[in-house]
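So you can see what is in the structure, the chains are spelled out below.
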Amino acid sequence: MNDYISIIGGGLAGTEAAYQIAKNGIKVKLYEMKPIKFSPAHSNKNLAEIVCSNSFKSNLLTNACGLLKEELRKLDSLLIKIADETKVPAGQALAVDREEFSKRVTEEISKNPLIEIIYKEVEDIEEIAKEGIVIVATGPLTSEKLAENIGKITGQDELYFYDAAAPIIAKDSIDFNIAFFGDRYSEEKKKEETVEEWLKRLESQEKQEQSYINLPMNKEEYEKFVEELVEAEVVTLHDFEKREIFEGCMPIEIMAKRGLDTLRFGPLKPVGFDDPRTAKRPYAIVQLRQDNANGTIYNMVGFQTNLKFGEQKRVFSLIPGLENAEFVKYGVMHRNTYINSSKLLDETYCLKKNPNIYFAGQITGVEGYVESISSGLVASLNAIEKFKRLNDNKKNTDNLDEISIKNADFPKIIFDEETVIGALAKYISSENEKFQPMNANFGILPPLEGKKIKDKKQRYELLAKRSLEKRWT
């Protein structure tokens, strides 16, 4: 049994984990392949390099990412502390001087006598895990050799190399004067039914089956939507992303350019439905699929897209029923190595079939800088508890097999799902056949008990208050 914890990857999640572990008096071996080897998107030799935007998003507590940062401040997050200290003017957002931020993180980690930084590319995780605990925090651009090793450990079918995700919408922002529940082919009016009988059957069925929400469109609405969709602005991809992404998934805006009726014979086909308002088949229909166990958020079926976020809001709000939709996550298409955490990890980010291995950062399916920091912190706190217990056991036995058998029974630090930290951990570890990466948003938190508040700002204030009133120490 090693007298240290290993961390693979010196990004946001890895450096936060290293700090938390060392703070508890435990040695750390932090493996980082830079500057020996760089990914296609990295160029800075420092740790915690920020590749894309320099924004850590909103600081407001009425924003889920703002609340997440406040939760992390309560837990003494090193990276949020440095982000606060290296901030640049950005209105209500926390934006940082990216060079200064990475430099400061590197300095803090490097000067800690309990942290040893090893500059090399790791190719075999299980070899390290044989003798102790390891946290894999290699990010969305994990090297090819290590990705192959992760695929071997997790199963190739559970490892993804690009993120082609559809937008996700808060259920309570959908207009149910237009939208209706139901699965395809179960909603058409039978010949012998009256309209009244059919509507009554729909009402009964709605209570039993609410995994799909349907948004019917007439000809004029559909053609207007397609017209705006094909003209909308898209995100420019890196060269190394283009081949992998478009070979595996067709963006809805590209599909729409193949002809006016293409979507009606694809993801927007109306077959199997009648519109409850007219008792007739609609011209086209958009389906939303339930995305979490609470049924508070739904994803747009078949809407993988590379549109800019502002364009997604503008164009998809043209769909009847989504005029006031709240997008808790916009669609994305980019290079992103991540595992199917919903099958593989528990709420502590621990690999179920090998309790010596934790994952953290965007490779787990959390999306965003602050979310990555959060996962690194949760994984490290649990790794610390496991390390302490393993060492206690080691003092009482020389049988390493006995230690590993007891490993699965260790107490876990699981954050309340009414916090953003806990809700993210629960989301990535809950069984989900259509698992896709997720950022911090209020849609994944349980709703306020016994309260239905229409005013969004007021609702978010109460959700934030509920979280921050938890015990954080």
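Calculation rules
- Residues numbered from 1 in each chain as written.
- Predicted model: local features only at pLDDT ≥ 70, side-chain atom pairs only at ≥ 80, totals over all residues.
- Heavy atoms only, no water.
- Buried < 20%, exposed > 50% of the residue type's maximum accessible area, 1.4 Å probe, protein only.
- Helix = DSSP H or I, 4+ residues; strand = E, 2+ residues; numbered from the N terminus.
- Pairing = 2+ DSSP bridges.
- Axes fitted to C-alpha atoms, helices over the stretch in contact; angles between N-to-C directions.
- Left-handed = near helix turned anticlockwise from the far one by under 90°.
- Contact = heavy atoms within 4.5 Å.
- Nonpolar A, V, L, I, M, F, W, Y, C, P; charged D, E, K, R; others polar.
- Salt bridge = Lys/Arg side-chain N within 4 Å of Asp/Glu carboxyl O.
- Expected span 1.5 Å × (residues − 1).
- Arc of directions from axis to C-beta.

> Just checking my understanding: could you explain the pairing of strand 12 (residues 284-290) for this structure?
Sheet faces and side chains relate simply in a regular strand, where the side chains alternate between the two faces. Among the seven residues of strand 12, six are classified as buried, and the element is accordingly described as predominantly covered. In this sheet, strand 12 lies alongside strand 11 (residues 212-217) in antiparallel orientation, the contact comprising six bridges. From the neighbouring strand, asparagine 214 faces strand 12, where its bridge partner is glutamine 287. Across three bridges, strand 12 lies against strand 13 (residues 297-300) in antiparallel orientation. Bridged to arginine 289 within strand 13 is asparagine 299.

> Looking at this structure, I do not really get the packing of helix 1 (residues 12-23) against helix 4 (residues 98-110). What am I missing?
The relative placement of two packed helices comes down to the angle between their axes together with the axis-to-axis distance. It is the contact of helix 1 with helix 4, at a shortest axis distance of 10 Å, that shows an interaxial angle of 35°. Where helix 1 crosses over helix 4, the handedness of that crossing is left-handed. In this structure, helix 1 contributes Leu12, Thr15, Ala18 and Tyr19 to the contact, and helix 4 contributes Phe101, Val105 and Ile109. Partitioned by chemical class, the residues of the contact of helix 1 with helix 4 number six nonpolar, one polar and no charged.

> Hey, could you run me through the sheet that holds strand 14 (residues 327-329) in this one?
In sheet architecture, strand pairing relies on hydrogen bonds along the backbone and comes in two forms, parallel and antiparallel. Judged by pairing direction, the sheet is antiparallel, and its six strands sit side by side in the order 10-11-12-13-9-14 without closing on themselves. This sheet does not close on itself; its edge strands, each paired only once, are strand 10 (180-181) and strand 14. Relative to strand 11, helix 8 (residues 219-231) is tilted by about 100°, and along the sheet it contacts strand 11 and strand 12.

> Would you explain the sheet that holds strand 3 (residues 55-58) in this entry?
With respect to topology, three strands assemble into an open sheet ordered 3-5-4, the strand pairing being antiparallel. This sheet does not close on itself; its edge strands, each paired only once, are strand 3 and strand 4 (87-88). Running over the sheet, helix 2 (residues 64-74) touches strand 3 and strand 5 (93-96) and is turned about 110° from strand 3.

> Is there a simple way to explain the side chain of serine 374 in this structure?
Structurally, the position occupied by serine 374 is in helix 13 (residues 369-396). Look at serine 374 and you get buried, because its relative accessible area is 0%. Apart from the residues lying within four places of it in its own chain, the contact partners of serine 374 are Leu68, Leu72 and Ile421.

> In this structure, what is going on with the pattern of salt bridges? I would like to understand it.
Pairing is possible between side chains that carry opposite charge, provided their charged atoms lie close to one another. A full pass over the atoms with the stated rule returns 27 salt bridges. Among the charged side chains, a network of salt bridges with common partners joins Lys224, Glu228, Glu311 and Arg314.

> Looking at this structure, how should I read helix 16 (residues 456-468)?
Owing to its 3.6 residues per turn, the α-helix brings residues three or four apart onto one side. Under the 1.5 Å per step criterion, the end-to-end length of helix 16 is 18 Å for 13 residues, consistent within 8% with the ideal 18 Å. Those residues of helix 16 lying buried are Arg459, Tyr460, Leu463, Ala464, Arg466 and Ser467. Down the axis of helix 16, the buried set is contained in an arc of 160°. They therefore lie on one face. The elements touched by buried residues of helix 16 are helix 2.

Scope: geometric values only; no functional claims are made or implied.
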